[in-house]
Amino acid sequence: DPENRLAMLEEFESDFEKALNFSGENSNLKFLAETIIKHNLDPKSFTDLISAFKQDVTKKSYSTFSEILDYCSRSANPVGRILLALFKITDEQAKIYSDKVCTALQLTNFYQDTNIDFEKGRNYYPQDEISLFKITQNMFELKENNPNIKALVKHNVERTQLLFDEGKKLLNYLNGRFKIEIKWTIAGGEKILEKIRKNDYDVFSARPKLSKLDFVFLLVKNIF
């Protein structure tokens, strides 16, 4: 239940902060703290993630796209920044491009899981845009790909693609296997958006996902 989940997350955060101060009993978090210090990682990236986890417990909808971007800045972007730090990439512009990629991946996952999230009482489409496209709660409940919902999904998919397009400039700052893996990850996200487009923006009848063949094709395409 929400109260227990929040209590456990608060305890986890407290244990993490203790580990950063060389105290506490959690050996795993002590190892993590040592890694953070060794690689000069920003502890805020980790506390931001915990903050997003806590928000997930209580917040089920978002008034504006800006609110969703704020959530992504804590639920997704820290992962990219941690990876950049581990690979000693400190350029501020690279971090900005990384944020765009991570946010785009998070948004893609939202649209991919529209039906799953709705069943859990969550909706990651901004409420003001839901109103703009004249969508009612009943329309979501019916799970029909009517013109209103189609237009809403298309709007969000196109906006996310623009984030990928801009964020791909991150690849100019990477090299080797790391570059290949990030390129492959971006391509995977874009493939999900492509599947949503090909399915006429219907996110209810079937969950768009990558097949084994998709993974192989994307891997080969992004290596050579």
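For the structure itself, consult the block above.
A. Inspection of the packing of helix 1 (residues 2–20) against helix 2 (residues 27–38) at higher detail. Where helix 1 contacts helix 2, the two axes come as close as 8 Å, and the packing angle between them is 55°. By the angle class used here, helix 1 and helix 2 are oblique. The two elements helix 1 and helix 2 cross, and the hand of that crossing is right-handed. Contacts between helix 1 and helix 2 involve Phe12, Asp15, Phe16, Ala19 and Leu20 from the first element and Leu29, Lys30, Leu32, Ala33 and Ile36 from the second. Its residues assigned to classes, the contact of helix 1 with helix 2 comprises eight nonpolar, no polar and two charged.

B. Quick peek at the pattern of salt bridges. On inspection of all chains with the given rule, the structure shows 18 salt bridges. Here Asp165 ties to Lys168 by a salt bridge, and the two come within 3.9 Å at their closest N and O atoms. Residue classification places Asp165 among the partly exposed positions, given a relative accessible area of 38%. A relative accessible area of 30% means that Lys168 is categorised as partly exposed. For Lys168, the salt bridge goes to Glu190, with nearest N and O atoms at 3.0 Å. Within this pair, whereas Lys168 is found in the loop between helix 10 (147–167) and helix 11 (176–198), its partner Glu190 is found in helix 11, the two being separated by 22 residues in sequence. Each of Glu10, Glu13 and Lys54 takes part in salt bridges that share partners, so that together they form one network.

C. Examining empty space enclosed by the protein more closely. In the structure shown here, the tally under the stated rule is one cavity of 30 Å³ or more. By volume, the largest cavity amounts to about 40 Å³. Together, Phe110, Thr114, Asp117, Phe118, Arg122, Asn123, Tyr124, Tyr125 and Phe140 line the largest cavity. When its residues are assigned to classes, the lining of the largest cavity shows five nonpolar, two polar and two charged.

D. Structural context of the nonpolar core. Of all hydrophobic cores here, the largest spans 43 residues; its most connected members are Leu107, Phe110, Tyr125, Phe140, Val153, Leu174 and Ile196. For this core, the secondary-structure elements that each account for two or more residues are helix 4 (65–75), helix 6 (92–112), helix 9 (137–142), helix 10 and helix 11. Excluding residues within four positions of it along the chain, Leu107 makes contact with Phe65, Ile68, Cys72, Thr160 and Leu163. Counting residues in hydrophobic clusters, the runner-up holds nine residues, among them Phe16, Ile36, Phe46 and Ile50.

E. Molecular detail of the side chain of Thr114. Along the chain, Thr114 turns up in helix 7 (residues 114–119). Note on Thr114: relative accessible area 5%, which makes it buried. Beyond its immediate stretch of four places on either side in the chain, Thr114 contacts Tyr125, Val203 and Phe204.

F. Main features of the packing of helix 11 against helix 12 (residues 212–223). Helix 12 packs onto helix 11 with a crossing angle of 135° between their chain directions and a minimal axis gap of 9 Å. Judged by the inter-axis angle, helix 11 sits oblique to helix 12. Helix-helix and strand crossings are classified by hand; for helix 11 and helix 12 the assignment is right-handed. From helix 11, Ile180, Lys183, Trp184, Ala187, Gly188, Lys191 and Lys195 reach across to helix 12, where they touch Asp214, Phe215, Leu218, Leu219, Asn222 and Ile223.

G. Broad picture of unusual backbone geometry. A positive phi is found at Phe22, a non-glycine position, where the angle reads about 60°. Assignment of secondary structure puts Phe22 in the loop between helix 1 and helix 2. Phe22 gets classed as exposed once you look at its relative accessible area, which sits at 70%.

Criteria and thresholds
- Residue numbers here run from 1 along each chain, matching the order of that chain's written sequence.
- Owing to the predicted nature of the model, reporting of local features is limited to residues with pLDDT of at least 70; listing and counting of side-chain atom pairs is limited to 80 or more, with chain, interface and lining totals taken over all residues.
- Neither water nor hydrogens contribute to the side-chain values; these are computed over all heavy atoms in the structure.
- Only the contacting stretch of a helix is used when fitting its axis, a line to C-alpha atoms as for every element, and angles between N-to-C directions run 0 to 180 degrees.
- Here a helix means four or more residues in a row that DSSP labels H or I, a strand means two or more in a row labelled E, and each is numbered from the N terminus.
- Every angle not falling under 35 degrees, over 145, or within 65 to 115 is termed oblique; those three ranges are roughly parallel, roughly antiparallel and roughly perpendicular.
- Throughout, a crossing is termed right-handed when the near helix is turned clockwise from the far one, and left-handed when it is turned anticlockwise from it by less than a right angle.
- Only heavy atoms matter for contacts: two residues are in contact if any of them lie within 4.5 Å across the pair.
- Residue polarity is assigned by list, with Asp, Glu, Lys and Arg as charged and Ala, Val, Leu, Ile, Met, Phe, Trp, Tyr, Cys and Pro as nonpolar; anything else, Gly included, falls into the polar class.
- By definition, a salt bridge exists where a carboxyl oxygen of Asp or Glu is found within 4 Å of a side-chain nitrogen of Lys or Arg.
- Burial classification: accessible surface area is computed with a 1.4 Å probe over protein chains only, and a residue below 20% of its type maximum counts as buried, one above 50% as exposed, and the rest as partly exposed.
- Only protein atoms enter the 1 Å grid, on which a cavity is a set of points fitting a 1.4 Å probe that cannot get out and a pocket is an open set with protein on both sides within 12 Å along at least 5 of 7 lines, lining residues being those with an atom within 4 Å of a point.
- Grid points are joined across faces, edges and corners, and a volume is the space filled by probe spheres set on the points.
- Take the buried residues of types Ala, Val, Leu, Ile, Met, Phe, Trp, Tyr and Cys, join any two whose side-chain atoms come within 4.5 Å, and each joined set is a nonpolar core.

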